[in-house]
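# Breakdown of the fold
Letter by letter, the chains look like this.
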Amino acid sequence: MDTQKRKDLNLRLGNLILAIFLATVPTAITYGTLSVHGLNICRNLSSKISDSSKIKKMCYKASWDTTKSYIVLIGFFITLPTWMWFYWSVKKKK
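### Considering the overall build of the protein
The secondary structure content of the protein amounts to three helices and zero strands. Starting at the N terminus and ending at the C terminus, the protein contains elements arranged as α-α-α. Over its C-alpha trace the protein gives a radius of gyration of 21 Å, far above what one expects of a compact globule, namely 12 Å for 94 residues. In the protein, of all internal contacts separated by at least 6 residues, the share reaching a separation of at least 24 is 81%.

Quick look at the structure:
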């Protein structure tokens, strides 16, 4: 592998690690916001139904499960633009 390709690979990997590290906070904020939103929907739904204890419990579980299923997508769509921005800005300087 020639030195230019090796430098480019190191630049990509280094920027990817940095982007993953920096994307954890926005990912956590988005995850928390979606969780609170789901719980608010469940609370609103349970206030409109007379026998709400069982429904509220099921709704909370469904809300958490749905939010957990999107954590990888949330992280990916926050990390990818961050990584590309780092990569392009460093690549332009060289």
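Continuing now.
### Concerning a nonpolar patch on the surface
Where nonpolar side chains cluster on the molecular surface, the patch consists of Tyr70, Leu73, Phe76, Phe77 and Leu80 and spans about 500 Å² of accessible area. When you line up the elements, Leu73 lands in helix α3 (residues 71–93).

### Digging into helix α1 (residues 3–47)
Helix length check: α1 (45 residues) gives 65 Å between terminal C-alpha atoms against 66 Å at 1.5 Å per residue, within 8%. Within the sequence span of α1, burial applies to Asp8, Leu11, Asn15, Ala19, Ala23, Thr27, Ser35, Gly38, Leu39, Cys42 and Ser46. The N-cap residue of α1 is Asp2: its side-chain oxygen and the backbone nitrogen of Lys5 are 3.3 Å apart.

### Digging into the side chain of Thr79
Looking at the element boundaries, Thr79 is found in helix α3. The buried category is assigned to Thr79, whose relative accessible area is 12%. Residues in contact with Thr79, not counting those within four places in the same chain, are Leu16, Ala19, Ile20 and Ala23.

### Comments concerning the state of the cysteines
Following the criterion strictly, the structure yields one disulfide and no others. Here Cys42 is linked by a disulfide to Cys59, with a sulfur-sulfur distance of 2.0 Å. Judged by the sign of its S-S torsion, about -85°, the cystine formed by Cys42 and Cys59 is left-handed. Pair noted here: Cys42 is in helix α1 and Cys59 is in helix α2 (residues 53–69), with a separation of 17 residues, a long-range link. Of the two residues examined, Cys42 and Cys59, each falls in the buried class.

Thresholds, definitions, all that
- Residues numbered from 1 in each chain as written.
- Predicted model: local features only at pLDDT ≥ 70, side-chain atom pairs only at ≥ 80, totals over all residues.
- Heavy atoms only, no water.
- Helix = DSSP H or I, 4+ residues; strand = E, 2+ residues; numbered from the N terminus.
- Rg over C-alpha atoms; globule rule 2.2 N^0.38 Å.
- Contact = heavy atoms within 4.5 Å.
- Patch = residues over 30% accessible without salt bridge, like charges linked within 9 Å, V, L, I, M, F, W, Y side chains within 5 Å.
- Areas by Shrake-Rupley, 256 points an atom, 1.4 Å probe, with all protein chains shown as cover.
- Salt bridge = Lys/Arg side-chain N within 4 Å of Asp/Glu carboxyl O.
- Expected span 1.5 Å × (residues − 1).
- Buried < 20%, exposed > 50% of the residue type's maximum accessible area, 1.4 Å probe, protein only.
- Polar contact = N/O pair within 3.5 Å; in protein donor to acceptor, adjacent residues only side chain to side chain.
- Disulfide = S-S within 2.5 Å.

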